[in-house]
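Okay, here's what each chain looks like letter by letter:
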Amino acid sequence: MPAARESLLDAAYAALTERAWPAVRMVDVAAAAGVSRQTLYNEFGSKEGLARALVRRETDNYLAGVARALDPRSTAAGARGDAAGRVAAAAAWTLRTARANPLVRAALTGCWNDRLPAPSAAAEAAPPRAAGAGIPAQRAAPPGNGPLPGPAELVGRFCAQAVAALEPDWPEEALPALCTACETAARLTLACVVAPVTPGAGPAPGRVPARSRRELETEAVSRLVRGAFARMPGGVPPGECR
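My aim in this report is to walk through the structure given alongside it, one point at a time. (Residues numbered from 1 in each chain as written. Predicted model: local features only at pLDDT ≥ 70, side-chain atom pairs only at ≥ 80, totals over all residues. Heavy atoms only, no water.)

A word on the side chain of T97
Following the sequence through the fold, T97 ends up in helix α5 (residues 83-100). Under the relative-accessibility criterion, T97 is labelled buried at 11%. There is a polar contact of 2.8 Å between the side chain of T97 and the backbone oxygen of W93. Ignoring sequence-local partners within four residues, the contact set of T97 consists of Y62 and V104. (Helix = DSSP H or I, 4+ residues; strand = E, 2+ residues; numbered from the N terminus. Buried < 20%, exposed > 50% of the residue type's maximum accessible area, 1.4 Å probe, protein only. Polar contact = N/O pair within 3.5 Å; in protein donor to acceptor, adjacent residues only side chain to side chain. Contact = heavy atoms within 4.5 Å.)

Topic: the pattern of salt bridges
Applying the stated criterion across every chain, the model contains 13 salt bridges. R19 is paired through a salt bridge with E18; the nearest N and O atoms lie 3.6 Å apart. Since its relative accessible area comes to 31%, R19 is described here as partly exposed. R99 is the salt-bridge partner of E217, the closest N and O atoms lying 3.2 Å from each other. Highlighted residues: E217 in helix α9 (residues 213-230) and R99 in helix α5, separated in sequence by 118 residues. We classify E217 as buried; its relative accessible area is 4%. Several salt bridges converge on common partners, so that one network encompasses E6, D10, R57 and E58. (Salt bridge = Lys/Arg side-chain N within 4 Å of Asp/Glu carboxyl O.)

Some remarks on the side chain of E43
Mapped onto the fold, E43 is located in helix α3 (residues 37-44). With relative accessibility at 9%, the residue E43 sits in the buried group.

Thoughts on the packing of aromatic side chains
Both the distance between ring centres and the angle between the ring planes are used here to describe each pair of aromatic rings. A complete count under the given rule lists 0 aromatic pairs for this structure. The cationic tip of K47 hangs over the ring face of W21; the distance from NZ or CZ to the ring centre is 5.2 Å. Across from the ring centre of W93, 5.7 Å away, lies the NZ or CZ of R68, which sits over that ring. (Phe/Tyr/Trp six-rings, centres within 6.5 Å; stacked < 30°, edge-to-face > 60°. Lys NZ or Arg CZ within 6 Å of the ring centre and 35° of its normal.)

Things to note about the packing of helix α4 (residues 47-70) against helix α6 (residues 102-109)
Packing of α4 against α6 leaves a shortest axis separation of 9 Å and a crossing angle of 85°. Regarding the angle of α4 to α6, the classification is roughly perpendicular. When α4 is examined against α6, the residues L54, V55, E58, T59 and Y62 are found in contact with a partner set consisting of L103, V104, A107 and L108. (Axes fitted to C-alpha atoms, helices over the stretch in contact; angles between N-to-C directions. Parallel < 35°, antiparallel > 145°, perpendicular 65-115°, else oblique.)

Regarding the nonpolar core
Within the largest apolar cluster, 39 residues are counted, with the highest numbers of intra-cluster contacts made by V87 and F229. If you list the elements that add at least two residues to this core, you get α4, α5, α6, α7 (151-166), α8 (175-194) and α9. When residues of this core are assigned to their parent elements, the largest contribution, 10 residues, is made by α5. Judged by nonpolar contacts, the second largest core, of 25 residues, contains L9, A11, Y13 and A106. (Core = buried A, V, L, I, M, F, W, Y, C linked by side-chain atoms within 4.5 Å.)

Structural notes on α9
In an α-helix, one turn spans 3.6 residues, which is why side chains three or four residues apart end up on the same side. Here α9 spans 25 Å end to end across 18 residues, near enough to the 26 Å set by a 1.5 Å rise per residue. For α9, the full list of buried residues reads L216, E217, A220, V221, S222, V225, A228 and F229. Looking at the buried residues of α9, the elements they touch are α5, α7 and α8. (Expected span 1.5 Å × (residues − 1).)

Below, the structure written as structure tokens:
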């Protein structure tokens, strides 16, 4: 039931924005999604299964956004030959998403506070359980598709997506340097997630118009990413003008 599954995940995320995960009740999630508790347990097997599916969906959506930002047809990305600009657009998307989505931020940093589900990285879907104690009978939920992504995997996938998007425009002999630049950019982006730019880090008030936190973040991570690419052999990536 794809539609019911998405509705349940939407309801679970909405509940998480209003209260800590331990206080989120399965019956309330089912009611908000307009389905029965039996349907909820059939889809996810347990609250742990629901948490795993929710974290996986949010991280998958984040990575899909990275791919869109790297696409030269994206309005956020630089021109096709502006490799640093395209990676900077993906980095800015990462910062915005981590600030807005607590699950993505926790997955990127590995810091799960007591308001979040923090599903076990190696846990599999809970086995089916017979009805009792007010809980509907369950069938086995779909497999969890392996461990949930953590910081190392997400940085690696950011890097891999960047290399895959950029390498068609690069000569083969420059690909090792491209990989290094993309990995450096990915790790610098994660550093900005862990230690965000604050409004106080900008120029002194009165010298320029006040800028939003988003503008400051975008400027800071763009500067770092372009610095990573500028340190490549030759200083300027293929296709960029001096």
